[in-house]
Every structure is written in C-alpha cells, then in structure tokens.
Amino acid sequence: FRLQTIDKIHDIDNPKNEANQQRQLAHYQSYMEFDRYLEKFWAEATMLERIIFFPVYFWYKVTSIIPLRPTECVLTPRNCIRRDEAGAHLSLRRTKLKGTQQSCHYNIDDDYKKVEYRIPDGLAKAIEEYIMRTQDVYRSDIDVLFCKVSQFDGLNITHDNDEHYTYSNLNQCLSHFYSKILVGRFSLNIVSDVDLLLDGEIERIFLGDTRHIALISLSTTTRDPIICQELSGHINKATQTHYSTNRRLFLDALGYMRAREAHSRIPSVNTLITSEMLVNRGKGYCTNAAIRNGDYTKCAQAVDAYGMVGNCDVCENFLPNNHTAAVIHKANARKEHETICKLYCKALEQLRQGLGNHETLVSILDRLAATEEKYVRASAIERMIKQDEDQSKKERKTL
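For every chain, the first residue of its written sequence is number 1, and the numbers climb from 1 along that sequence. Only residues with pLDDT of at least 70 are given local features in this predicted model, and only at 80 or more are side-chain atom pairs given and counted; all residues enter the totals for whole chains, interfaces and linings. Only heavy atoms go into the side-chain values, all of them from the structure, while hydrogens and water stay out.

Draft legend 1. Focus on the overall build of the protein. A tally of regular secondary structure across the protein gives 14 helices and seven strands. Here, two residues are considered to be in contact whenever any of their heavy atoms come within 4.5 Å of each other. Summarising the internal contacts of the protein: among those between residues at least 6 apart in sequence, 68% fall at separations of at least 24. Values of accessible area rely on a 1.4 Å probe in the Shrake-Rupley scheme; residue burial ignores everything except the protein chains shown. Counting every atom, the protein has about 20600 Å² of accessible surface; 51% of that belongs to carbon and sulfur. Where helices and strands are cited, they refer to DSSP runs of H or I of at least four residues and of E of at least two residues respectively, numbered from the N terminus.

Draft legend 2. Layout of the sheet that holds strand E2 (residues 87-95). Strands were regarded as paired on the criterion that DSSP finds at least two bridges between them. Strand order in the open sheet made by the three strands is E1-E2-E3, with antiparallel pairing throughout. Of all strands in the sheet, those with a lone pairing partner are strand E1 (81-84) and strand E3 (112-119), marking the two edges. Neighbour-to-neighbour, the strand axes of the sheet open up by a mean angle of 35°, direction not taken into account. Docked against the sheet, helix H6 (residues 121-134) engages E1, E2 and E3, running at close to 130° with respect to E1. For helices, the fitted line uses only the C-alpha atoms of the stretch in contact; every axis is such a line through C-alpha atoms, and the angle between N-to-C directions lies from 0 to 180 degrees.

Draft legend 3. Highlighting the packing of helix H3 (residues 47-63) against helix H7 (residues 148-155). Between H3 and H7, the shortest axis-to-axis distance is 9 Å and the interhelical angle comes to 120°. Between H3 and H7, the interaxial angle falls into the category oblique. Relative to H7, H3 is oriented so that their crossing is left-handed. Along the contact surface, H3 presents Ile-51, Ile-52, Phe-53 and Pro-55, while H7 presents Ser-150, Gln-151, Gly-154 and Leu-155. Should an angle fall under 35 degrees it is called roughly parallel, over 145 degrees roughly antiparallel, and 65 to 115 degrees roughly perpendicular, with every other angle called oblique. Crossings are classed by handedness, with left-handed meaning an anticlockwise turn of the near helix from the far one by less than a right angle and right-handed meaning a clockwise turn.

Draft legend 4. Quick peek at the confidence of the model for the protein. Per-residue confidence from the predictor is reported as pLDDT, a score between 0 and 100. In this model, the protein carries a mean pLDDT of 75, and residues with pLDDT of at least 70 account for 68%. Here residues 13-25 is modelled with pLDDT under 50, and outside its nearest four sequence neighbours on either side it reaches 19 contacts, counting other chains as well. Between residues 263-279, whose pLDDT stays under 50, and residues either more than four places distant or in other chains, the model counts 27 contacts.

Draft legend 5. Layout of the pattern of salt bridges. Throughout this description, the term salt bridge denotes a Lys or Arg side-chain nitrogen within 4 Å of a carboxyl oxygen of Asp or Glu. Scanning the entire structure with this criterion turns up 13 salt bridges. A salt bridge links Asp-35 to Lys-61, with the nearest nitrogen and oxygen atoms 3.0 Å apart. With Asp-35 in helix H2 (residues 25-44) and Lys-61 in helix H3, this residue pair connects regions lying 26 residues apart in the sequence. Remark: exposure states derive from per-residue accessible area (1.4 Å probe, protein chains only) relative to the maximum for the residue type, with buried under 20%, exposed over 50%, and partly exposed in between. The exposure class assigned to Asp-35 is partly exposed, which follows from its relative accessible area of 27%. Residue classification places Lys-61 among the buried residues on the basis of a relative accessible area of 18%.

Draft legend 6. Molecular detail of the side chain of Thr-76. Examined against the element boundaries, Thr-76 turns out to sit in the loop between helix H4 (70-74) and E1. For Thr-76, a relative accessible area of 0% gives the class buried. Contacts of Thr-76, omitting those with residues within four sequence positions, involve Phe-58, Ser-91, Leu-92, Arg-93, Asp-143, Val-144 and Leu-145.

Structure, rendered in structure tokens:
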C-alpha cells in the first residue's frame, strides 16, 4: 500500500506548471554535475564506501537511462543478473497498474512483472560484487536487491522497524551521499533556485527526478516513440508534451557543459578562426572549406524553419565572431528546434488517432535530432564567446 501511495504522489502533475515555471537550467546542470562527481567518487571509493552507497550508485546509473520509478528501483530482485553469450542482463520489476483499470492486489508478484534489460558489463560486475560482499549480513522479508543492515551499520544510524529495504532507506542514503561525499569530501556548495550553477555548486536532486531526465534523454536520442512509451510504462498526451517542451532546458544545460569542457581544451574561441576560413561575412565565419572549390552542398542543406535555403544562422559550419551574433545564431537555432518540436507533437497525436504513419514520425525525429545538435552547438558557442568577451573586459580594466 505504501509503494502504491508513493507512486501516486510522484505521478501528480502540478496544474500551475507553465512553461515559465518549469525547471530552470541549473536543475539539469545539476544532474550532469552529480553524474560527474558520482563517477569520481566510485573510482576512488573504498570497498566499505561502495557497499554503503551502492543503492545511490545503482539508482542513478539505472534510472537515469531506464525511466524507472523509485519504488520499482527499490523492488529490484536480489538475483537480478543473468549472463549469456549476448552479455549481462538486469531483471527489474515494473508495475502492471499504470494506465490500467485493474485493482491493486497489494502483492508484489501480482502487481509487478519482471522485465530484463541488457546492461554494460561494468555495471553488472558492480552489482555482483555488492551481492557477494553483503551476503553474510543480508536479511529481508521480501526479495529485494539492497541490503539494509550494511547501510545502517556503515552510516552508524538506528535501524527502523521495516524488515526490508524501503523507499525511505534509499532517500536516506541519497541524503547522506550529499552530506558526507558531495559536501564533506568534494566541498560542493548546495544551492537552490538559481539560474546557473557556478563552479563548486550543485542543487539537490530527488529520487523521482531521474525518471524525468531519462524520458527527456530517450525522446532526444531514440528514433522510435514506441520505445519511449514501452520503457516508461505509461505516457499520456500531456506528459509527452511536457517532456517535449522541457527538452530545450535540457539542451541548454548540455550546451553549457560542452562549453565548459571546450574551454578546458581551447584557450579562446578566437583560436578557432584561422586564415584557412572563408571571408568574414560581417557577423561570423564559414568553416566549410569546400565552398572555395564551388561545392555549395552544405549551403543547400542549411534550411531554416521558414524554408529559406542557405541561411548561415542555422548552418552547422557557421561560427559567430561576437556575442551579439552568437545570441542571434542561438535564437534562430532555438526557433527552428521549437518548430520541429511542435510538428513532432502533432504527428505523434495523429499516430495515436490512427491518422498518421510511423515512417513520418521517424523522419521528424531525425530532423529533430539534427536541430537539437545545432542548438546545443549554438548554445555552447554563445557561452564560450560571452566568457571570452567578459575575460577580455576584465583584462582591459586591469590594464
């Protein structure tokens, strides 16, 4: 009963969640930062630390890819790894009740079904090692993967009354990971309600959030909407539209992180502008050297949302030369992306009504992937140029 109640709470949509009230850039940026520090922690953690915080590691690595509900994650069976010639397979419990009218039996075997997914060998080995290291202290009145005793003893906290690992225990483990590892070891500053994270800052993420990120990531990368629906368990029209509109915020964060990574390798955006590039067109440069030989194939492929051919602002070979031009370039890429997003939602609804066809939707998804790559690149370039110009202003002020 408690698991079903938690599921209902996670599935409640905020009726006031308008576009301007959705998660801001820093929220998505926090997921990328969390992933980076989790990988860093896992690489240098002691065996005891790996045992204590394995539930957080498993939760994030699995549910940020497979849109699993937190309650489904907690109910992962103990004997969950199967190996064959194809590789490692992870068995998970998925609820049968979403989107159906059937009543709840309050029984795990009746209300959940086991589904297998192929997983990387490294993750499978981490799961197998955890099972082996905790087998001597494992106690549970139901079949679940996580060991409550090792977590409670490792963190020196009082045992609760449940005889198995619960949602609350996983939430508790995540809270201790923030306080002891992210803050205590990596000296991160936990912030909230900010537009952009600075170096050394991170927001709190919650157990149900990774499902949201996984669905956005799936809708961004997969070419088949049926895969999204199958993996999520249940997506209605409003939910699908919500994820589609939130994609841009996710892409903004991705562009920002790419810009940060690029700055660690490239001293200045100006170093990208070499004598081999074409004539300065006023607002930027064309990096397609083939044009010198009369090959305008790439120009013909640069078609904006209004059907204009040869628009530099939407071309992947265009490099703005100042922040104003970069902002315009990003705005045009955003407009093109939003146009394709609306077309995608319309085509998806037609397919649900039996009026469209799958091939059309796949074609739109291909176009959507192309526009998203343009938008992420434009976002990264805009941030890089802005940082370069700000740094130049500081240097001139110092002089």
